[in-house]
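Commentary on secondary and tertiary structure
Take a look at the letters that make up each chain.
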Amino acid sequence: MKEGQMKHFLIVTLPVQSHVNPALEFANRILRSGAHVTLITSVSGKRYAEKRNVPEGLGIATFSDGKDDDGYRTSDGDPLEYLSNFRQKGSKLLSEVYNKSRDEEKQVTCLVYTLLLPWVAKAARDEYHVPSTLLWIQPALLFDVYYYYFRGYGDVIRDCENNPSWSLKLPNLPFTLKTCDLPSFLLPSTPLPYTFGTVMIQKHIEELEKEETPTILVNTFEALEVDAVKAVERFTLIPVGPLLPFKSLEERDPLDDRLSSTGDLRDEDYMKWLDSQQESKVIYVSFGTISVLSGAQEEELARALIQTNRPFLWVMREKEDELSCMEELKQLGKIVPWCSQVEVLSHPSVGCFVTHCGWNSTLESITAGVPMVAFPQWTDQMTNAKLVEYVWKIGVRVNKCEEEELVKAEEINRCLEVVMKSEEMSGNAKNLMELAVQSVKQGGSSYKNMKDFINKVSTDSCLK
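The name given to the chain in an unreviewed UniProt entry is Glycosyltransferase, with the source organism recorded as Saponaria officinalis.

**Examining the pairing of strand β11 (residues 312-315)**
Alternating residues of β11 divide into Phe-312 and Trp-314 and Leu-313 and Val-315, and every residue in both groups is buried. Where strand β10 (residues 282-286) meets β11, 3 bridges bridge the pair, whose relative direction is parallel. Counted as the bridge partner of Val-285 is Trp-314 from β11. The sheet contact formed by β11 and strand β12 (residues 334-336) spans 3 bridges and is parallel. Note that in β12 the partner of Leu-313 across the bridge is Lys-334.

**Some details on the pairing of strand β13 (residues 350-355)**
Counting buried positions along β13 yields 6 of 6 residues, so the element is predominantly enclosed. Where β10 meets β13, 5 bridges bridge the pair, whose relative direction is parallel. Bridged to Val-282 within β13 is Val-350. Note that β13 and strand β14 (residues 372-374) share 3 bridges and pair parallel. Directly across from Val-354, in β14, lies its bridge partner Val-373.

Quick notes on the rules
- Residues numbered from 1 in each chain as written.
- Predicted model: local features only at pLDDT ≥ 70, side-chain atom pairs only at ≥ 80, totals over all residues.
- Heavy atoms only, no water.
- Buried < 20%, exposed > 50% of the residue type's maximum accessible area, 1.4 Å probe, protein only.
- Helix = DSSP H or I, 4+ residues; strand = E, 2+ residues; numbered from the N terminus.
- Pairing = 2+ DSSP bridges.

Here it is in structure tokens:
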């Protein structure tokens, strides 16, 4: 890269909303530094991006992964087979974009890649000879757990389901982990197709260890994970989060979130309904775009909401069979097929978030200052729930009735009452909200880390 030449970052991400969303905000912050940014993903990934409002100036290059309409789901087949196909087609497009950029004298400054794409690091090092960066889109604690699993603690962790009192203390972390706190990828009982994450993360670590000074940017902020960002001495984890639209951290124009991808106003009935509710009295329920509750589990959740006799807003996907108590539910709260989560969590009437604890949702709740009822399903969500309940003390986690493989209505109701009545959790959530906002403001820790990263990779590229 010639000195003085405009920087150009390539970002490669899977077409999954939990990957695309932080990648978009990361791109937005690089764009604000005056650099070029090109996002590389599949056709369905671009569709996710357009629903979030693509940052002005962002280039998007796409290829077909065979799942253009609805995107890939783990139920579609072997995840490793899909990832192999994504690599094959994605690496071809990456080569085309890289060569075109070089020919147009917009030499690539850095290749950035999200989770499950370790081949990008290898391509950057062996083919393109440019710096690469892993954008870790889960909490730093998850990276710590995976790293130690592959570096000396694998046998111990694989024994986690054989002993009811099993617990683990990892180096440089001030708390222990129980079996229920581990990511599902590491549990021996997890069905084989759903252990693909472990295979890919091992490859991530192997690729990182080949670098002299690997760069790992984490979607977290220093005050949120003080110990976790320093727990792995081999690598430096650099917090640059929360990677959320900046307007969600400060003043927002409500119109931004009420626009559809076509520019039309969405149905705002749920916002008018929230406006009519008392402050901090509404329970917001949403399980993201991938997690699906069984019919029996939804019935239990519905009964709990009725038992608590509090107003609620429940994002429920459309389905053939209605709940048995649907009419009673509708008298107490509001059920919608979609809503703007950032907007809802920021509304003063919302006092609790019942969530699957996906990392994006967890960060959105933190930056809105809303305590949580953690209802984890799989992958990183169990570990995120540990942080919510035990480390940050901004919520409680539901306990499953193992005999029936369900979280019973009485347990959900108990958790709702604890969170809605807890001044301590509410106060802790508000404190974290303030720290999140400060971290991304000019002079904040994440702001400075991002600025240092851009300057460093630009210097490294100039030396190539």
